[in-house]
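Architecture at a glance
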Amino acid sequence: MSAPAASVTLSGPQLSQRELVRATAERRIGRRRVRSRLATAACAVTVCLSLAPLVSLIAYIIDRGARTLSLGFLVHTPKPIFVPGNGIGNAIVGTLIIVGLAMAMAVPVGLAASLFVMEGPRRLSGTIRFAADVLSGTPSIAIGVFAYAVIVLTIGYSGLAGSFALAVLMLPIMVRADEEAMAAVPAELWEAGLALGTRRGRIVRSVVLRSALPGIVTGNLLAMARAIGETAPLIFTIFGSQFYALRPTAPMSAMPLVIYTDATEPFKSAQATAWGTALVLLVLVVVVSVAARAVAAVMTRKAR
Amino acid sequence: MTTLSAPPAVSSLAVPGVGEALARQRTKRRGRLYALIRWAGAALFVAVFLALLVTLLQQAAPALGHMGLSILWRGWNPQKNELGAGVFIVGTLLTTALALLLAVPVGVGAAAMFAELAPRWIAGPLTAMVEFLAAIPSVVVGLWGLIVLTPLFARDVEPFLKTVPGLDAAFHGEPLGSSILLAGVVLAIMILPTVVALSRVAMTGVALADREAGMALAATRWQVVRKVVIPGAGRGIRAAVTLAMGRAMGEAIAVAFVIGNGSGLPHSLLSPGASLGSAIVSSFSEALPGSLLKSGVVALVLVLLAISVAVNVGGQILMRTRRPAVPPRGPADGSGTPPALPPDPGLVLVEMQP
Amino acid sequence: MPELPVPDQRRRWRLAKAVAVVAGAAVVLAACSSAAPSAAKKKVKHDSGGISSTTTTLAPGATTTTTSGSSHSSSGGSGSSGSGNKSSNSGGSGSSSGPCSSSAPGGVLGGSCDTSSPAMQLTGAGSNSIAPFFSSVFYSYNQSNHNVSVNYNPAGSGTGVADIKANSVDFGDSEVPIATPASGNGGAILQLPVDLGGVAISYNVSGAPNNLQITGAQLAEIYSSTTNLYWDTFFSNGSLPHELIKPVYRSDTSGPGYDLDQYLIDTSLSWASAVSNNPSTSWPSYGKGANSSGQQLNTGVATYISETEGAIGYVEYAYAQEAGFTDAALQNASDSYVSPSSSSIAAAGAEASNLSASNFNIVNGTGSAYPLANFSWTLVYQTQPNTNQGIVLGKLFDWVTTTGQGQAQKLGYSPLPSNAVSLAHSTLLELQTSSGQKIFSS
């Protein structure tokens, strides 16, 4: 902050002027620094506020569910109350199949639709964006009813109907999140691609998607996390099952359904099963999220 | 179906051959494939949306015919065949507003922390942790809210709020625990991950150059965040808030466990209420097929969609009148011209203010 | 900054994509192959003219049989893989030529006959309060009949009724029977009682005596009052604390709510006129008075009661028993105060005269009957296009309503009284094939 060695000597009034400016600047910078530290502290508080319910929830789930966890719990099929050997193996497999199929349906369509929103005629894009916002507000029970009317009444209760319902649920979130991620790509990258004479499709594939990938992955993971825990769409579509069921065109079981059915039974063992299932669900989401982020990081070859 | 707008006339270009190259691009099949993918995706999306609307309309038609427009202000009394949504609309708007009021500042602040202010080694895991909150099934959140939060609110939080001077209008009545207030808090917890995750993505998208420019002007870290990053991420933050609001309005099961299902209009934030989502989930499973009640419940879904449309439109109008839109950074207008750089308001606003 | 891919990197990327596509295709193929041991759901489409082909797969531990059902051939021997039936007392595994056979396809419907049945997997949907009981009895039945397995979906009575009417499940279950004459896409529907349960009025008041005596009129006032009520002043009982009475009701549609609504109609004039004598599964707004709140499902009400001082509410008796609640002794039609128990609920069921699907109300009984009780009703089609399925349904539910009732008590229900058992038996005797022939002779 000290002035470089000047060959000019300053006289009285100029010196005091300079002192005045320096003192003012120091005061103001000090004030801004304090304000910055306070604001940073406030943001830290908000972080704590957002983490507090999470910690409380997870602690509660662990507290009520950890006791039922065992290898047998993860591979056995459900048994009635008072019969040993209860498990959720079929529900775990069912969830994986249903969510996997739903992602296979929703991710490509979401990506394609968001590309349209980004590049298409303004009016139509605006309409689709609007439709996505409205669709994201639909209660999931309505989507379950819709899937019931479209799929269950044609091919019957099935895992596929559940996947369809979850895909419809995830679609608007994916469309919006993908579009936002791609819109955040700086214009310079577009210009560079255009300058090289590449086709727009090629630019999107090699440049825009590549750099927007972390954002796209985040948005899609958020949608998947939401869908994995949804119960209401599954109640009307997959029917549930007490056995291992691998065919998507037949009734299957899924973890949210087990949670919903068991948590509302009067028996302690059933409730413990429900909370154990919730814990397994959470672990599954953690594993998939971490894996997907790692893959995305590898694909973009940069650490975000 | 065009991938590029009409290329400029050949003669106007200084470099020969570019015009022909651009024209050739349009006829290449690969370029068409990209356009086909885009339109197919959009068409599928629209088809699903319309099919959903049609299905809901079909099932709700009897009740809508029975009630007409009065569904928006009448009460809900299935025994007397009165299937109005008035009370539920009020409940939905109150709980959503409360949830947004709580979640948006907290969420944007946390996102700013994760994107800008916190050291990298802590930001990554913590961001992921907040996003896991989105994966918890709403049944579990509802039960936790019922078992853990309801007694907490009934015994500590609500009596405390009643003692705060000046807020008596909002917080009067017997603290029962299950109330509009608790429903708003639970909704805020559920929409937090959406706000945090998508805001963070938007903030990290702000160009490094802008942030560095701010710092070069001796802005403090917070000033950079407030004047450069948040406005620069404004579009993404708005999208995050819109999605979060959608989730809050449509959330059913968790709200049903904590809102207390009151009958009349709630007279304070502490009184039990009902929202459209909670009413739908409460009445749906036992309603007999083909009955007026079942049709009425589906009509509630349509009312919710209508409110969602109204709120979204209102929000867009509000946003449009507040300040001129920052032009999008990608070539979103569909033309082939290189996009103009946005005017970068952030730099101008970094001032040496005390 | 992102870079354009260089050639060898692009090659690696393409290889990775190809591997992923092949792996994904392999997974999808494996999942769709019918070689995997999976439970297949049979759906009888209503437009297929009554002929259905069944692929049945069995509970783990048994073998697979494929049955092509034709409408009325007495092919009872198709259950050839019925292995290890503990209660089988004839050589015939599933064959109708056992000691209890007669000219009817399914023989005699009775507890003394062997319980071996043709191989079948059944699907059912309906009330979720009967789910623990159903899963328990179906499991036990499968232990002695390895070739019969049942998949039950506790999605709610409304869904159960919708499904059976649309003929997309083999049986439904509802807390309240549907209006007679009952019919759906597959013709006439039979309704039989399979279960008897009660509704407890539980309260959480420190210092309160067990089995506090409450009349219906008092309950009606508690729920509908618009002013503050206190435990000691309202009941004129000095041993009760001076605390607000906080009633809690079900915010979702429910069978217990229906029962209580009916009871209050019978015992309180003001309640009856407020709801126009019409009980409903939705709790009426007349009953949402001051200091009251609604909770979702039995779980919500039970949790609220257990953590709120001064709360009173209604839950299924199974819940109250498991949670160890303090229950009220309600006044019944004989003016005696009866507290809920397995025997008092059974008495309510036994009291019912001329019990049938159109006369099912056993609320507010006399004598030692607990006033809040109800049967759970199973719905099946009278005409069974697949005779084997008709045989299995009949034998299964006959077992459930007789031997299976032994499991009721430990799960919080009461065993069916004899009038309900004979009603179930006579209802099952009405099952017939698609040509109109009765499936069971007696």
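No experiment lies behind these values; they were computed from the predicted model shown. (Residues numbered from 1 in each chain as written. Chains lettered and ligands numbered in written order. Predicted model: local features only at pLDDT ≥ 70, side-chain atom pairs only at ≥ 80, totals over all residues.)

1. Re the overall build of chain C
This is how it is decided: Each helix corresponds to a stretch of at least 4 residues labelled H or I by DSSP, and each strand to a stretch of at least 2 residues labelled E; elements are numbered beginning at the N terminus. Residues are called buried when their C-beta atom has 20 or more other C-beta atoms within 10 Å, exposed when it has 12 or fewer, and partly exposed otherwise; all C-beta atoms are positioned from the backbone.
Scanning chain C for helices and strands turns up 12 helices and 17 strands. The buried share of chain C, taken over its 442 residues, is 57%.

2. Side note on the overall build of chain A
Rules: In this setup the radius of gyration rests on C-alpha atoms only. A globule is expected at 2.2 Å times the number of residues raised to 0.38. Contact definition: two residues whose C-beta atoms, as placed from backbone geometry, lie within 7 Å.
What chain A contains, in helices and strands, is 11 helices and zero strands. Listing every helix and strand of chain A by position from the N terminus yields α-α-α-α-α-α-α-α-α-α-α. For chain A, the C-alpha radius of gyration of 27 Å lies well beyond 19 Å, the compact-globule estimate for 304 residues. Its C-alpha atoms give chain A principal-axis dimensions of about 95 × 55 × 35 Å. Looking at chain A as a whole, 56% of its 304 residues qualify as buried. For chain A, long-range pairs separated by at least 24 residues make up 72% of all intrachain contacts whose partners lie at least 6 apart in sequence.

3. Regarding the interface of chain C and chain A
Note the threshold: Gly is placed with the polar residues, together with every amino acid not listed as nonpolar (Ala, Val, Leu, Ile, Met, Phe, Trp, Tyr, Cys and Pro) or charged (Asp, Glu, Lys and Arg).
The partner chain A presents 33 residues to the 34 residues of chain C that form the contact. Tallying contributions element by element places helix α2 (residues 131-144) of chain C first for the side of chain C that touches chain A, with five residues. Of the residues belonging to the side of chain C that touches chain A, the class tally is 20 nonpolar, 10 polar and four charged.

4. A word on the nonpolar core
The test is simple: One nonpolar core equals one set of buried Ala, Val, Leu, Ile, Met, Phe, Trp, Tyr and Cys residues connected by C-beta atoms within 7 Å.
In terms of nonpolar packing, the biggest core is built from 316 residues, with M170(A), A112(B), V186(B), V195(B) and L300(B) touching the most fellow members. Broken down by element, this core gets its largest block of residues, 19 residues, from helix α6 (residues 180-204) of chain B. Excluding anything up to four places from it in sequence, V195(B) contacts A103(B), V104(B), G107(B), V108(B), A240(B), V241(B) and A244(B).

5. Comments concerning the interface of chain B and chain A
With 96 residues of chain B at the contact, the number on the chain A side is 90 residues. With 19 residues, the single largest contributor to the side of chain B that touches chain A is helix α2 (residues 29-67) of chain B. For the side of chain B that touches chain A, a count of residues per class yields 67 nonpolar, 21 polar and eight charged.

6. Considerations on the pairing of strand β15 (residues 373-381) of chain C
Within a regular strand, side chains alternate between the sheet's two faces. In terms of burial, β15(C) is a largely internal element, nine of the nine residues being buried. Neither face of β15(C) is open: one carries A373(C), F375(C), W377(C), L379(C) and Y381(C), the other N374(C), S376(C), T378(C) and V380(C), and all of them are buried.

7. Digging into unusual backbone geometry
Residues and elements named next belong to chain C. A cis geometry characterises the amide bond from T180 onward to P181, with omega recorded as -5°. Relative to the elements of secondary structure, P181 occurs in the loop between β5 (171-174) and β6 (183-184). Phi at N211 is positive, roughly 55°, even though this residue is not glycine. Considering the arrangement of structural elements, one finds N211 in the loop between β7 (187-204) and β8 (213-214). N211 sits in the partly exposed class, given 15 other C-beta atoms within 10 Å. Positioned with a positive phi, S276 is a non-glycine residue whose angle comes to about 55°. Inspection of the secondary structure assignment puts S276 in the loop between α7 (269-274) and β10 (293-295).

8. Some words on the domain arrangement of chain A
Residue and element names in this part refer to chain A. What counts here: For the domain bounds, the source is a domain assignment made automatically or taken from a database.
Segmenting chain A into domains produces domain 1 (17-68) and domain 2 (73-303). Put simply, the middle of domain 1 and the middle of domain 2, counted by C-alpha atoms, are 33 Å apart. The interface is formed by seven residues belonging to domain 1 together with eight residues belonging to domain 2. Of the residues that constitute the side of domain 1 that touches domain 2, the class distribution is three nonpolar, two polar and two charged.

9. Details of the sheet that holds strand β14 (residues 337-338) of chain C
The test is simple: When DSSP locates at least two bridges between a pair of strands, those strands are taken to pair.
Overall, mixed pairing links the three strands, which are arranged β8-β13-β14 (chain C) in an open sheet. Edge strands, defined here as strands with exactly one partner in the open sheet, are β8 and β14 of chain C.

10. Some points on helix α3 (residues 157-165) of chain C
Residue and element names in this part refer to chain C. Burial analysis of α3 places nine of its nine residues in the buried class, which makes it a mostly covered element. Those residues of α3 that sit buried are S157, G158, T159, G160, V161, A162, D163, I164 and K165. Trailing α3 by a residue or two, N167 shows a phi angle of about 65°, which is positive.

11. A few points about the environment of C48(A)
All names here are of chain A. Looking at the secondary structure, you find C48 in helix α1 (residues 12-65). Classification of C48 by C-beta neighbours within 10 Å gives partly exposed; the count is 13. In the structure, C48 is positioned 19 residues away from R67 in sequence and 28 Å away in space, judged by C-alpha atoms.

12. Describing helix α8 (residues 200-228) of chain A
Residue and element names in this part refer to chain A. Defined as follows: Multiplying 1.5 Å by the helix residue count minus one yields the expected span of that helix. Throughout, bend refers to the angle between the axes fitted to the seven residues that end at a position and the seven residues that start at it.
Taking 1.5 Å per residue as the helical rise, α8 with its 29 residues ought to reach 42 Å, whereas the 35 Å between its terminal C-alpha atoms falls clearly short. Along its length, α8 reaches its greatest deviation from straightness, about 60°, at L213, and the proline P214 lies no more than four positions downstream. For α8, the buried fraction is high: 25 of the 29 residues fall into the buried class.

13. Describing the packing of α8(A) against α6(B)
Here is the rule: Here, axes are lines fitted to C-alpha atoms. For helices the fit covers the stretch in contact, and angles between N-to-C directions go from 0 to 180 degrees. Should an angle fall under 35 degrees it is taken as roughly parallel, and over 145 as roughly antiparallel, whereas 65 to 115 is taken as roughly perpendicular and any remaining angle as oblique.
The interhelical angle for the contact between α8(A) and α6(B), taken along N-to-C directions, is 170°, at an axis separation of 10 Å. The angle between α8(A) and α6(B) falls in the class roughly antiparallel. Each of G215(A), T218(A), G219(A) and L222(A) in α8(A) lies in contact with α6(B), whose residues at this interface are P193(B), T194(B), A197(B), L198(B) and V201(B). Residues of the contact of α8(A) with α6(B), tallied by class, amount to five nonpolar, four polar and no charged.

14. Section: the pairing of β5(C)
All names here are of chain C. Of the two faces of β5, the one lined by F171 and D173 and the one lined by G172 and S174 are each fully buried. Pairing between strand β3 (residues 120-126) and β5: three bridges, direction parallel. By the bridge assignment for β5, A125 is matched with G172. Examined bridge by bridge, β5 and β15 share three bridges and lie antiparallel to one another. Within β15, the residue paired with D173 across the bridge is T378.

15. What about the confidence of the model for chain A?
Our working definition: pLDDT runs from 0 to 100 and stands for how confident the predictor is about each residue.
In this model, chain A carries an average pLDDT of 86, and 95% of its residues clear a pLDDT of 70 or more. When the elements of chain A are averaged for pLDDT, helix α7 (residues 187-195) of chain A gives the smallest value, 83, and helix α3 (residues 89-119) of chain A the largest, 93.

16. So, the packing of helix α3 (residues 86-117) of chain B against helix α9 (residues 234-250) of chain B
How two helices sit against one another is set out by the angle between their axes and by the gap between those axes. All names here are of chain B. Where we set the bar: What makes a crossing left-handed is the near helix being turned counterclockwise from the far one by less than a right angle; a clockwise turn instead makes it right-handed.
Running from N to C, α3 and α9 point in directions that differ by 145°, and their axes come no closer than 10 Å. In terms of crossing hand, the pair formed by α3 and α9 is right-handed. Mapping the contact onto sequence places T92, T96, A99, L100, A103, V104 and V108 in α3 and I237, V241, A244, M245, A248 and M249 in α9. For the contact of α3 with α9, the per-class residue count stands at 11 nonpolar, two polar and no charged.

17. Digging into the confidence of the model for chain C
All names here are of chain C. On average, residues of chain C carry a pLDDT of 80, and 79% of them reach 70 or more. Note on residues 1-5: pLDDT under 50 across the span, and nine contacts to partners over four residues away in sequence or across chains. Taken together, the stretch residues 32-99 has pLDDT below 50 and engages in 153 contacts with residues farther than four places along the chain or on a different chain. Overall fold confidence (pTM) sits at 0.78, and the ipTM for the predicted complex is 0.81.

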